[in-house]
Amino acid sequence: HLFGYMGYIVNVTETRTYQKNYRSSAKEWKSTRRSSVVDAVSVHLFQKSPRPELTPIELLELGCVYVNNERVLNPSHEVALGDLIRVHSFPRRFQIPTDLKSRVVSETQDYLVIDKPAGIPTEEVVDNINENLVTVMRELLGAALFPVYSVDLGTAGLVVLAKSEERCEEFKLAFKEGRVVRSFIAFIEQPVTSENSNESIQIRRCIQQTAGTDLINEGRASWAIVGEPLARVYRVEIEQTSGRPGEIRDFFAALGSPILGDVKRGSNKSLKDLETGKAAPAFCAVNIRL
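Bear in mind that the values here come from a model prediction, so they are computed numbers and not experimental data.

Draft legend 1. Region of interest: the overall build of the protein chain. Counting its regular elements, the protein chain contains five helices and 17 strands. Taking the principal axes of its C-alpha atoms as reference, the protein chain extends roughly 65 × 45 × 35 Å. The burial tally for the protein chain puts 50% of its 290 residues in the buried class. A separation of at least 24 residues holds for 70% of the contacts in the protein chain among residues at least 6 apart in sequence.

Draft legend 2. Quick look at the environment of K176. With respect to the element layout, K176 can be found in helix 4 (residues 165–176). In this structure the C-alpha to C-alpha distance between K176 and S222, which are 46 residues apart in sequence, comes to 31 Å.

Draft legend 3. View of the sheet that holds strand 9 (residues 146–147). Pairing is antiparallel across the open sheet formed by four strands, whose spatial order is 7-8-10-9. With one partner strand each, in any of the chains shown, strand 7 (104–107) and strand 9 form the two edges of the open sheet. Bridge analysis of strand 9 against strand 10 (residues 157–162) gives two bridges, and the strand direction is antiparallel. Opposite P147, over in strand 10, you have L161 as the bridge partner.

Draft legend 4. Examining the sheet that holds strand 16 (residues 271–273) more closely. Taken together, the three strands give an open sheet; going across it, the order is 13-14-16, and neighbouring strands pair in antiparallel fashion. Either end of the sheet is taken by a strand with one partner, and the two such strands are strand 13 (215–218) and strand 16. Direction aside, the axes of adjacent strands within the sheet are offset by 25° on average.

Draft legend 5. A look at helix 5 (residues 246–254). Here helix 5 has its buried residues at G246, I248, R249, F251 and F252. Considering only its buried residues, helix 5 is in contact with strand 11 (181–188), strand 12 (201–208), strand 15 (234–240) and strand 17 (283–289). Positive backbone phi, at 85°, marks G256, one or two positions downstream of helix 5.

Draft legend 6. Representation of unusual backbone geometry in the model. Even without being a glycine, N68 presents a positive backbone phi close to 55°. Secondary-structure assignment places N68 in the loop between strand 3 (65–67) and strand 4 (70–71). With a phi angle near 65°, N69 is a residue other than glycine that sits in the positive phi range. Here N69 shows up in the loop between strand 3 and strand 4. Assessed through its relative accessible area of 46%, N69 is described here as partly exposed.

Cut-off values and rules
Residues numbered from 1 in each chain as written. Predicted model: local features only at pLDDT ≥ 70, side-chain atom pairs only at ≥ 80, totals over all residues. Heavy atoms only, no water. Helix = DSSP H or I, 4+ residues; strand = E, 2+ residues; numbered from the N terminus. Buried < 20%, exposed > 50% of the residue type's maximum accessible area, 1.4 Å probe, protein only. Contact = heavy atoms within 4.5 Å. Pairing = 2+ DSSP bridges. Axes fitted to C-alpha atoms, helices over the stretch in contact; angles between N-to-C directions.

Here it is in structure tokens:
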């Protein structure tokens, strides 16, 4: 097994680039004069209300400032007349756990596998380049690390970090060519069968859980059901050989049985991840093999 760890089961979930177009706090304007970028940000944002909570230097250090759609970190960067400036003036912040190194479950000379906690991005996001799994692990280990795929912010899960760009590309190719099988667990309200499977998403088992539950557990992951307990919950074992894990969530929504807590895809029940206290779908991956 390429990413195996002696049968160790850890929760793994969503694997797509995290909200690259996030702009809910972004302010955009065109420069009316030549100046340093820190001066441009100070003049435009800090003389208006609401004022950002961070200073211009802090916004730059966090990666919140763009000139002509390119991220700028240097406060002295020169802005020309007519340049487009974008600032994410109220960036998202993420609390980094202190036990990240202890979450490494497997390591070789080519890669490491880490159990990403819920509530932090896998890699840098559009308004925060520092508070994420990859950046912090690079600093902790003092080594280059390259994410083979990303795991959704709101859930915990295994992340494979290659130790070189070459190995990263090899792993990505293995995923693209369907040579990697990922196993997932999802919890739903309406049962499905193996006959609902398609070429890339295989339903292996669907088992009804104890009725009247208000808490769902899978490995280290736990979700509290918001509101009334559910009369029935089905635990589904899934294998995927190609595509993004997000496609599994789309797949169940199309079947008329969205994953519990996946409100955006039609779930009528909200769930709260007990580690972060935030909303999250009851969906995790439990194995990766080549």
